[in-house]
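# Geometric and topological summary
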Amino acid sequence: MIRCLSLTAPKDARKLRDLQEYRKYIDAVEVRLDLCEFPERSFVQSVCSHAPEMVILSYRRPEDSSLLQKLPDAEASRIPEAKRLEVLTELLDTGVSHVDIEVGIDAPDLLRRAKQLNVKIIRSLHSFEGLPEQLLQLVREIASAGEIPKIAVYPRNSAEALQLLYVADALKDIKEKIVIGMGPYGFFGRVAPWLFGSMLTFTSVGEQLAAPGHIDPAQLEDVYHVSSNNDSTLLFGIIGNPVLHSRSPQLHNRWFREQGMNAVYLPFQVDDIDAFFELAEKVGIRGFSVTVPHKQEVISRLHSVSEEVRRIGSCNTVVRTERGWHGSNTDFEGFLRPLQERGEMRNMSTALVIGAGGAARTVVFALVQSGVKVYIVNRTAEKARLLAQEAGAQWVGLDAVSSIPESYKLVVQSTSVGMSPDTDADPLPQYRFRGDEMVYDIIYTPERSRFLQRAERAGCRTISGKGMLEAQAELQFELFRNSYNLLLG
Ligand code: NAP
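Residues numbered from 1 in each chain as written. Predicted model: local features only at pLDDT ≥ 70, side-chain atom pairs only at ≥ 80, totals over all residues. Heavy atoms only, no water.

### Here we look at the overall build of the protein chain
Looking only at helices and strands, one finds 17 helices and 20 strands in the protein chain. Dimensions along the principal axes, computed over C-alpha positions, put the protein chain at roughly 85 × 50 × 40 Å. A buried classification covers 57% of the 489 residues belonging to the protein chain. Long-range pairs, those at least 24 residues apart, make up 66% of the contacts in the protein chain between residues at least 6 apart in sequence. Roughly 20,700 Å² of accessible area belongs to the protein chain as shown, and the carbon and sulfur atoms make up 48% of that amount. (Helix = DSSP H or I, 4+ residues; strand = E, 2+ residues; numbered from the N terminus. Buried < 20%, exposed > 50% of the residue type's maximum accessible area, 1.4 Å probe, protein only. Contact = heavy atoms within 4.5 Å. Areas by Shrake-Rupley, 256 points an atom, 1.4 Å probe, with all protein chains shown as cover.)

Have a look at this one:
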């Protein structure tokens, strides 16, 4: 698997520093002349002398680059087409191994010069609006002309990401090709490029990422171990929308490595559960975590579920069994564990739970089942009332939250208010902490929410969502490991 660093830093000297800094993580470099201060021979030569063997030369037009489209002076910096091809042609003898030119560009001089110098041609197509028509035919034509096809497509939803997988599958016989899924729906293919049958994946660093969905080469390797994974690597992942902020890949991939398992855990942004299940069957996913907003909807697609899932109606873990997909809920035990470890569940009598969404359901059921009297408060009072009725809890209105006769021993914040990036928000500003209650905010980005900081200042004992995240993930990992062992054992 070729990991290619696209040099995108605004200053050429910084580009060279990036190359040196990330050299051990990469197998190829792309020099984007359109992003160079001056597309100079000496700069390209310097890159070639410090780079791995594979150096790709490209000169993007604004219509082929989302990065250029975002720059304020993109159109002003567009150079005449003949000049662009002339510069590319002139720099072919600097030591580069590949040159990238776009589909539909007629450049006989460039092709002739590339042939003389043994520089390979990458013929690229960029589509920011889903899959173009006649993609299969186009790729076959490029390959049969002896060029390397590169298709970079921006899937706008799960169905288009699935479609791209089918296209890649139909092109399996073409070994030398680059297939990129841009943006959040295609992200899994950037970190597991073999799924698209792609020989190469691009990465970039710094504030100017070359394309939507790029991560830096260190993350690509340290989190996703991209150089050591291949067709026999077992697949796990997480589905959600959005999902790229999730820290679960860091945890699970680290544990896979520590346990010597040939497995990888990938984030899948999903807006259509059925398209995801088709994808999961197609690529052979063994198990996955489920996050917002799919924890309820996923249940109807499963063959069997655990007792907690049946009771709570929320599922955060799915694994493949011999009979079909099985759903569990590790949030339940994961939520209780940090409280139990601190001895806080002993004599726990009364709790206030803020929120009535998916996570709150688990929190409320876990506390009620542990014998705690629970009051629920939520922006939408009707949802608090319904959850209270279902779980055997009480509910209170936002304005009555401080007027409960018993004082809460525990306050659990389980809404998404205060979660990154909206870190200044407080879900219950009218609530005045006494200072002797335990306050548990299940948000984990940021680690200390504004609500938790306010509780700390009032003298409360606090727990952040990190403990729950790790505990539920550890429990999930056990389920994934059993599924792995079942297949390989
Ligand atoms: P959800 O099902 O979408 O529920 C969102 C909750 O937040 C609802 O109660 C909603 O109230 C409330 N809310 C949203 N925006 C609000 C606003 N502007 N003002 C007041 N209330 C608002 O989401 P979820 O799955 O329950 O997740 C909630 C949070 O828990 C997320 O931040 C998630 O990251 C975190 N979480 C952490 C862990 C962990 O392991 N630490 C596990 C699961 C979830 P309405 O009913 O009025 O809409």
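Continuing now.
### Side note on the site of the ligand
Contacts to the ligand come from 23 residues, most closely from Ala359, Asn378, Thr380, Lys383 and Ile442. Lys383 places a side-chain nitrogen or oxygen 2.7 Å from an oxygen atom of the ligand. A distance of 3.4 Å is found between an oxygen atom of the ligand and a backbone nitrogen or oxygen belonging to Ser416. In the complex, the protein chains occlude 78% of the 920 Å² of accessible area that the ligand would expose alone. Applying the majority rule of atoms within 2 Å of the grid points places the ligand in the largest pocket. (Near = heavy atom within 4 Å. Polar contact = N/O pair within 3.5 Å; in protein donor to acceptor, adjacent residues only side chain to side chain. 1 Å grid on protein atoms, 1.4 Å probe; cavity = no way out; pocket = protein on both sides within 12 Å on 5 of 7 lines; lining within 4 Å. Sits in = over half its atoms within 2 Å of the grid points.)

### Here's the deal with the packing of aromatic side chains
A complete count under the given rule lists 20 aromatic pairs for this structure. Centre to centre, the rings of Tyr22 and Tyr25 are 6.4 Å apart; their planes meet at 45 degrees, and the pair counts as tilted. By relative accessible area, Tyr25 is classed as buried at 15%. Considering the side-chain rings of Tyr408 and Tyr431, the 6.2 Å spacing of their centres and the 40 degrees angle between planes classify their relative orientation as tilted. Of this pair, Tyr408 sits in the loop between strand 17 (394–396) and strand 18 (410–413) while Tyr431 sits in the loop between strand 18 and strand 19 (438–441); the two residues are 23 residues apart in sequence, bridging distant segments of the chain. Take Tyr408 and Tyr431: they sit in the same class, and that class is buried. Ring pairs connect the aromatic residues Phe188, Phe196, Phe268, Phe276, Phe277, Phe288 and Trp325, which therefore count as one cluster. (Phe/Tyr/Trp six-rings, centres within 6.5 Å; stacked < 30°, edge-to-face > 60°.)

### Concerning helix 2 (residues 41–50)
Along helix 2, the residues classified as buried are Phe43, Val44, Val47 and Cys48. Projection of helix 2 onto a plane perpendicular to its axis shows the buried side chains occupying an angular sector of 135 degrees, all on one side. Close packing links the buried residues of helix 2 with strand 1 (2–7), helix 1 (12–22), strand 2 (28–32) and strand 3 (54–58). (Arc of directions from axis to C-beta.)

### Digging into the packing of helix 14 (residues 358–369) against helix 15 (residues 381–391)
Viewed as axis vectors pointing N to C, helix 14 and helix 15 meet at an angle of 35 degrees, and their least axial separation amounts to 10 Å. The two elements helix 14 and helix 15 cross, and the hand of that crossing is right-handed. Contacts between helix 14 and helix 15 involve Ala360, Arg361, Val364, Phe365 and Val368 from the former and Leu387, Glu390 and Ala391 from the latter. Here the contact of helix 14 with helix 15 is built from residues that sort into six nonpolar, no polar and two charged. (Axes fitted to C-alpha atoms, helices over the stretch in contact; angles between N-to-C directions. Left-handed = near helix turned anticlockwise from the far one by under 90°. Nonpolar A, V, L, I, M, F, W, Y, C, P; charged D, E, K, R; others polar.)

### Describing the sheet that holds strand 17
Overall, parallel pairing links the six strands, which are arranged 17-16-15-18-19-20 in an open sheet. At either end of the open sheet lies a strand with only one pairing partner, and these are strand 17 and strand 20 (461–463). Between one strand axis and the next, the sheet turns by 20 degrees as a mean value, whatever way the strands run. Lying over the sheet, helix 15 contacts strand 16 (373–377) and strand 17, oriented at roughly 165 degrees with respect to strand 17. Each of strand 15 (350–354), strand 18, strand 19 and strand 20 is contacted by helix 16 (residues 450–457), which is oriented at about 165 degrees to strand 19, the strand it contacts most. (Pairing = 2+ DSSP bridges.)

### Digging into the layout of surface pockets
Size it by volume and the largest pocket reaches roughly 1,300 Å³. Looking at the lining of the largest pocket, the elements with two or more residues in it are strand 11 (285–290), helix 14, helix 15 and helix 17 (465–488). The element best represented in the lining of the largest pocket is helix 17, accounting for five residues. For the lining of the largest pocket, a count of residues per class yields 20 nonpolar, 22 polar and six charged. Within this model, the second largest pocket holds a volume of roughly 370 Å³. Around the second largest pocket, the lining is made up of 18 residues, and of these Asp169, Trp194, Leu195, Asp231 and Val283 lie nearest the centre. Sorting the residues of the lining of the second largest pocket by element identifies helix 7 (158–170), strand 9 (234–240) and helix 11 (273–283) as the ones contributing at least two each. Sorting elements by how many residues they give to the lining of the second largest pocket places helix 7 first, with three residues. Taken together, the residues of the lining of the second largest pocket sort by class into eight nonpolar, four polar and six charged. (Points joined across faces, edges and corners; volume = space filled by probe spheres on them.)

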